[in-house]
Amino acid sequence: MKTPLSLSIILTIVCAVVLAVLTALTGAKLSAPMAMSIGSIITGLVVAFVRPSSIVPKSEPSSSSESTQTLYVGNLPYRANETAVRELFAQYGHVVSVRLLKDKHTGKRRGFGFVEMSEEGALEAQNALNEQEFQHRTLKVRPANERKDHSLEED
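1. Observations concerning helix α4 (residues 119-129)
Part 1 of the reasoning: Every buried residue of α4 is listed here: G121, A122, A125, Q126 and L129. Mapping the buried residues of α4 onto a view down its axis gives an arc of 135 degrees, with all of them on the same face. Among the exposed residues of α4, those oriented more than 90 degrees off its buried face are E120, L123 and N127.
Part 2 of the reasoning: Its buried side turned inward, α4 meets β1 (68-74), α3 (82-90), β3 (109-118) and β6 (140-143).
Part 3 of the reasoning: E131 sits one or two positions beyond α4 and adopts a positive phi of about 65 degrees.

2. Focus: the packing of aromatic side chains
Part 1 of the reasoning: Inspection of the entire model under this criterion finds 3 aromatic pairs.
Part 2 of the reasoning: Between the aromatic rings of Y72 and F112, the centroid separation amounts to 6.0 Å while the plane-to-plane angle is 35 degrees, which identifies the pairing as tilted. One end of the pair, Y72, is in strand β1; the other, F112, is in strand β3, with 40 residues separating them in the sequence.
Part 3 of the reasoning: The class of Y72 is partly exposed, set by a relative accessible area of 28%.
Part 4 of the reasoning: Summarising the aromatic geometry, the rings of Y72 and F114 are spaced 6.0 Å apart at their centres and angled 65 degrees between planes, so their arrangement reads as edge-to-face. One end of the pair, Y72, is in strand β1; the other, F114, is in strand β3, with 42 residues separating them in the sequence.
Part 5 of the reasoning: Members of the aromatic cluster, each reached through a chain of ring pairs, are Y72, F112 and F114.

3. So, the confidence of the model for the protein chain
Part 1 of the reasoning: Here the protein chain averages 79 in pLDDT, while 77% of its residues score no lower than 70.
Part 2 of the reasoning: Segment residues 52-63 is flagged for pLDDT under 50; beyond a separation of four residues in sequence, or across chains, it makes 6 contacts in the model.

4. Things to note about the sheet that holds β3
Part 1 of the reasoning: In space, the 4 strands of this open sheet follow the order β2-β3-β1-β6, with antiparallel pairing throughout. Strands with a single pairing partner mark the edges of an open sheet, and in this sheet they are β2 (95-102) and β6. Going from strand to strand, the sheet's axes swing by 20 degrees on average, the running direction of each strand aside.
Part 2 of the reasoning: Relative to β3, β2 runs antiparallel, the two being bridged by 6 bridges. By the bridge assignment for β3, V98 is matched with V115.
Part 3 of the reasoning: Contacting β1, β2, β3 and β6, α3 crosses the sheet at an angle of about 140 degrees to β2.

5. Thoughts on the environment of T68
Part 1 of the reasoning: Looking at the element boundaries, T68 is found in strand β1.
Part 2 of the reasoning: Accessibility expressed as a relative area gives 29% for T68, which makes it partly exposed.
Part 3 of the reasoning: Residues T68 and S118 lie 50 residues apart in sequence; the distance between their C-alpha atoms is 4.3 Å.
Part 4 of the reasoning: The residues touching T68, leaving out its near neighbours within four places in the chain, are V96, E116, M117, S118 and E119.

How each quantity is defined
- Residues numbered from 1 in each chain as written.
- Predicted model: local features only at pLDDT ≥ 70, side-chain atom pairs only at ≥ 80, totals over all residues.
- Heavy atoms only, no water.
- Buried < 20%, exposed > 50% of the residue type's maximum accessible area, 1.4 Å probe, protein only.
- Helix = DSSP H or I, 4+ residues; strand = E, 2+ residues; numbered from the N terminus.
- Arc of directions from axis to C-beta.
- Contact = heavy atoms within 4.5 Å.
- Phe/Tyr/Trp six-rings, centres within 6.5 Å; stacked < 30°, edge-to-face > 60°.
- pLDDT = per-residue confidence, 0-100.
- Pairing = 2+ DSSP bridges.
- Axes fitted to C-alpha atoms, helices over the stretch in contact; angles between N-to-C directions.

Set out below in structure tokens:
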């Protein structure tokens, strides 16, 4: 799990502003570049110490003892992100991964993706979400086709 760049920038700016206010109140001299440098250092320390605790999985079933199924999710709104789709499907079972496909050239979402989740949850999610509205679009939820291994195919 990576810390988003925007969060790091915001933390750096907040630290720099706090330092600037503190130096103004105490009468000490601290230049803006120095405040930004100290803010960056503080942000790095905060991210280094906070992130490991957010990576520790909550007491969820282990994926090695639980069988999973991948669902194809079509007709997704282009503005939908992985978090929104994960939250939608998590209502029905443990979500292992969410992959929303993007166009290689434009970087825009293509309107479909794949959700890997527990087998029982996948069946329940498929029954509950197929043909249901999500962000003003009617979803198509089906079991995903197995990927072919193109390296083994003969010409």
